[in-house]
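Structure at a glance
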There are 2 protein chains.
Amino acid sequence: MQAEIITIGDELLIGQTIDTNSAWMGKELANRGIQVSRKTAISDTKDAIMNAIKESFNRVDLVLLTGGLGPTKDDITKKTLTEFYGCSYRRDSQVMAHLENIFAKRGRTLLDINSQQADVPEICETLYNEVGTAPGMWFDVNGKVLISMPGVPSEMMHIMENRVFPKLKNRFETPHIIHLTALTIGIPESLLSKQLETFELGLPPHIKLAYLPALNTVKLRLSGTGINEDELQQDMQAQFDGLCSIASKHIFAREDIQPVKFIAQKLIQHKLKVTLAESCTGGYIANQFVQVPSISKVFSGSIISYSNEIKHRELGVDEGLFTTVGAVSSECAKAMCEAALEKFSADIAISTTGIAGPGGATPEKRVGLIFIGIATKQGSMVQKFHLFGTREQFMSRASNCAMQMVKEVLLTEFGIK
Amino acid sequence: MQAEIITIGDELLIGQTIDTNSAWMGKELANRGIQVSRKTAISDTKDAIMNAIKESFNRVDLVLLTGGLGPTKDDITKKTLTEFYGCSYRRDSQVMAHLENIFAKRGRTLLDINSQQADVPEICETLYNEVGTAPGMWFDVNGKVLISMPGVPSEMMHIMENRVFPKLKNRFETPHIIHLTALTIGIPESLLSKQLETFELGLPPHIKLAYLPALNTVKLRLSGTGINEDELQQDMQAQFDGLCSIASKHIFAREDIQPVKFIAQKLIQHKLKVTLAESCTGGYIANQFVQVPSISKVFSGSIISYSNEIKHRELGVDEGLFTTVGAVSSECAKAMCEAALEKFSADIAISTTGIAGPGGATPEKRVGLIFIGIATKQGSMVQKFHLFGTREQFMSRASNCAMQMVKEVLLTEFGIK
């Protein structure tokens, strides 16, 4: 079962908005046995929308549209769909009641422009949107299904989860698709593929291997398709075990998960308190931890010690060190993580000190140099890395390196796999 | 002048990778008078690639391709292009020398699979890639230009900036396109559009207004097209001034800029030191600041005081307050920002305390409630907000609210516009 996604809006074409919607949709549909075979981003003009829908319907029976459902003049999707299907509008009383309710709650006047959001093409089924003002629409004509949703991510997701997925399940019969992903850190794609060459050649035709490199990680993704779910599950598990055993040295996690989230879950599970003293990563790693719900069980706070003065005043780093080896040094990273462990009464403390760039380099210390320290009650260790990329990429790579160090410490000092 | 972008890779379709490349490309091309009229994401199969190229060439004369140029078996773009143009390979000696150099530097053996990256289709012009191993390719056949580049963002950007843009300027004559964007915070799209209705109806045909809502911001973007650059510049500036004066009350910045970056630049320019005591935003705002180069001139550090214990121990927040009004309170936000101002010797301190969710709510205090405090040497103020969304959306909205408060304080206390 194949589907196409069409995203509508000039902001996507001129790059003012990054399209995260279609990635989420592609993933969720794939998990339900529907393969997105093409995604098309178009301008919000009638012709572009009409043509894109016609073309997609020539290739597939299911098309999902996002965008262009707002109340303003540049939002023309609904009008275009009415024309595409040659029907008129009906006012949906349930949507109208919902709008009146929202505006009353917010103490705002319901303008004509807002009420018009309750008008939907006569022949569509309304996909009610409890978290926003624009409803979604489901058209099922001549065996072809078209689903139109707002472009606001939270509204699209709400409609997909509560309206679209249940309806799709009833409407289409789909083969089983299983993806299994392992995450590696710190090994280049070409070296991995060399190691996995024989394995890859030996894969059965219904199972594919893909390499997904991103910063200093590579995801190894096995995708399998089959009619019999149990059989496919068994085939996939056997192949995945083979893959993981060949690449075992480099595998960080046998799942598709952010490294920080993986570590956060282990820490929460084993009640190990974590803290940080971040210099060059400036709160990046702490904030990655704080994105994980329930982190408060093991995280009580951390410090961003960006200047030497704060490293000295708040963490007691010896000032002499800044003039001898400098703040970007193994000695400083060690002092920082040890002090943070104490200050925040934690079981594991992470420190970072380095040069994120573009400024700050010296002849001896290049942009990208970073020392990462890990302290526990048993002692501390520091590793040196040379990372590259923009400031944000540098921080993200540093975070991955730190998580690999923490994983190692969890194993060696706490016996946690 | 119109162009299309084709992105290749199953990872984009099943949502394992978010496509940031094409957003960047769309923006940079638009700035150079080339309008991306369609973006298509396809699977890495020969048929999908061939069909997509043919279809795009039926509509436009310029097609940009990314992805599928890696060394592994699932990367088939180069092979497909050789077939599309019916030519054979040549080994590019400059690419070969570059590969040998890279591998020698990294102390790795150059495998056959790596050397093959120096083989390019005979009829293309090589677009040298100094930051990676896969070169880009430029095809110019029958008046139609096709550009193929790697999918790794830093490599694509390098090739675009250093090879593609200069060549495009020579190859095509393009009309002038100007975008002017103003950023509003905290006002809904429909209210804005009501205010701007008359203005919008009065726009000349070569200038368009778009509303780009995102979390609690709306960008107002004017786009103009014209042959005479000076005239267009004048027209656009006049319309933009009109727009900004109508919506002046809600405009945060008269440019397309992240709120934190806008504030960071003002702080750096006026040498005002900033710090933070973050609870519910857990380092999010600090890290947004640290993403801005040269922030070290005005940012020496900050604290993430997530637990009550750390709020008390590190910031001296009165413990009695946690049992009377609670940590999520105006009183706590006030104490936090005042203490941070002192602790980090800053001119402006920002504090946050709230409930990011999904847990932590009480009957009196809903998920999304947040108090934001701003302290200066003149005193402090606290505002209460109800924000919504995922944890990350909550933090991003909170950051925007905080920046609007800082902007206000910069004006009233420091006379900075």
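Residues numbered from 1 in each chain as written. Chains lettered and ligands numbered in written order. Predicted model: local features only at pLDDT ≥ 70, side-chain atom pairs only at ≥ 80, totals over all residues.

Some details on the interface of chain A and chain B
Interface extent is often summarised as the accessible area lost during association of the parts. On the chain B side, the residues contacting the 72 residues of chain A number 71 residues. The dominant element in the side of chain A that touches chain B, judged by the number of residues it contributes, is strand 2 (residues 35–42) of chain A, at 7 residues. Where strand 14 (residues 301–305) of chain A lies against strand 14 (residues 301–305) of chain B, 5 bridges are found, and the strand directions are antiparallel. Each residue of the ladder has a partner; that of Gly 301 of chain A, found in strand 14 of chain B, is Ser 305 of chain B. (Contact = placed C-beta atoms within 7 Å. Helix = DSSP H or I, 4+ residues; strand = E, 2+ residues; numbered from the N terminus. Pairing = 2+ DSSP bridges.)

A closer look at the domain arrangement of chain A
Domain parsing of chain A yields domain 1 (2–171), domain 2 (177–253) and domain 3 (259–414). On a C-alpha basis, the centroid separation for the pair domain 1 of chain A and domain 2 of chain A is 35 Å. (Domains from an automatic or database assignment.)

Things to note about the relation of the copies chain A and chain B
Turning chain A through 180° and shifting it by 0.0 Å along the axis lays it on chain B, with an RMSD of 0.1 Å. Look at the turn and shift together and you get a two-fold axis relating the two. (Least-squares fit on C-alpha atoms with pLDDT ≥ 70 in both.)

Focus on the environment of Ala 118 of chain B
For Ala 118 of chain B, the position within the fold is in the loop between helix 6 (112–115) and strand 5 (119–121). Once you skip the residues sitting within four places of it in the chain, Ala 118 of chain B turns out to touch Arg 91, Asp 92, Val 95, Met 96 and Leu 99 of chain B.

A few points about the pairing of strand 8 (residues 144–149) of chain B
Working note: regular strand, side chains alternate between the two faces of the sheet. Residues and elements named next belong to chain B. Most of strand 8 is tucked away: 5 of the 6 residues are buried. Relative to strand 8, strand 3 (residues 62–66) runs parallel, the two being bridged by 5 bridges. Note that in strand 8 the partner of Leu 62 across the bridge is Val 145. Relative to strand 8, strand 7 (residues 136–141) runs antiparallel, the two sharing 5 bridges. Counterpart to Trp 138 in the pairing with strand 8 is Ile 147. (Buried ≥ 20, exposed ≤ 12 C-beta atoms within 10 Å, placed from the backbone.)

Focus: unusual backbone geometry
All names here are of chain A. Across the junction of Gly 357 and Pro 358, the peptide omega takes the value -5°, indicating a cis bond. For Pro 358, the location among the structural elements is in the loop between strand 15 (348–354) and strand 16 (369–376). A positive phi angle, close to 50°, is found at Leu 215, a residue other than glycine. Its location among the elements puts Leu 215 in the loop between strand 10 (207–214) and strand 11 (217–226). Taking the number of C-beta atoms within 10 Å as the measure of exposure, Leu 215 has 19 and is therefore partly exposed.

Topic: helix 11 (residues 259–269) of chain A
Owing to its 3.6 residues per turn, the α-helix brings residues three or four apart onto one side. Residues and elements named next belong to chain A. Of the residues making up helix 11, those classed as buried are Pro 259, Val 260, Ile 263, Ala 264 and Leu 267. One side of helix 11 carries all its buried residues, which in axial view fall inside an arc of 130°. The secondary structure elements touched by the buried residues of helix 11 are strand 9 (176–185), strand 12 (251–253), strand 13 (274–278), helix 12 (284–290) and helix 16 (391–414). (Arc of directions from axis to C-beta.)

Some thoughts on the nonpolar core
For soluble globular proteins, nonpolar side chains are generally found buried alongside one another. The biggest cluster of nonpolar side chains holds 112 residues, and the ones touching the most others in it are Ala 340 of chain A together with Ala 340 of chain B. If we ignore the near neighbours within four places in the chain, the residues touching Ala 340 of chain B are Thr 275, Leu 276, Ala 277, Ser 302, Ile 303, Leu 315, Ala 349 and Ser 351 of chain B. Listed in part, the 76 residues of the second largest apolar core include Ile 6, Leu 13, Leu 81 and Cys 124 of chain B. (Core = buried A, V, L, I, M, F, W, Y, C linked by C-beta atoms within 7 Å.)

Some details on the pairing of strand 15 (residues 348–354) of chain B
All names here are of chain B. Extensive coverage of strand 15 is indicated by the burial of 7 of its 7 residues. By the alternation rule, side chains of strand 15 split into Ile 348, Ile 350, Thr 352 and Gly 354 and Ala 349, Ser 351 and Thr 353, which are all buried. Taken together, the 5 bridges between strand 13 (residues 274–278) and strand 15 define a ladder with parallel strand orientation. Pairing of Thr 275 across the sheet is with Ala 349, part of strand 15. By the bridge criterion, 7 bridges tie strand 15 to strand 16 (residues 369–376) in an arrangement that is antiparallel. Paired with Gly 354 across the strands is Ile 370, a residue of strand 16.

Things to note about the sheet that holds strand 3 (residues 62–66) of chain A
Judged by pairing direction, the sheet is mixed, and its 12 strands sit side by side in the order 6(A)-7(A)-8(A)-3(A)-1(A)-2(A)-2(B)-1(B)-3(B)-8(B)-7(B)-6(B) without closing on themselves. The open sheet has two edge strands, strand 6 (125–127) of chain A together with strand 6 (125–127) of chain B, and neither has a second partner. The sheet shows a mean angle of 20° between the axes of neighbouring strands, direction not considered. Sheet contacts for helix 7 (residues 153–171) of chain A: strand 3, strand 6, strand 7 (136–141) and strand 8 (144–149) of chain A; angle to strand 8 of chain A, the most-contacted strand, approximately 170°. (Axes fitted to C-alpha atoms, helices over the stretch in contact; angles between N-to-C directions.)

Quick word on the packing of helix 11 (residues 259–269) of chain B against helix 16 (residues 391–414) of chain B
Two measures define how a pair of helices packs: the angle their axes make with one another and the distance between the axes. Residues and elements named next belong to chain B. Two numbers describe how helix 11 lies on helix 16: the axes approach to 9 Å, and their chain directions differ by 30°. If you check the angle between helix 11 and helix 16, you find them roughly parallel. For helix 11 against helix 16, the interelement crossing comes out left-handed. Here Pro 259, Val 260, Ile 263 and Lys 266 of helix 11 come into contact with helix 16, specifically with Ser 399, Asn 400, Met 403, Val 406, Lys 407 and Leu 410. The residue makeup of the contact of helix 11 with helix 16, split by class, is 6 nonpolar, 2 polar and 2 charged. (Parallel < 35°, antiparallel > 145°, perpendicular 65-115°, else oblique. Left-handed = near helix turned anticlockwise from the far one by under 90°. Nonpolar A, V, L, I, M, F, W, Y, C, P; charged D, E, K, R; others polar.)

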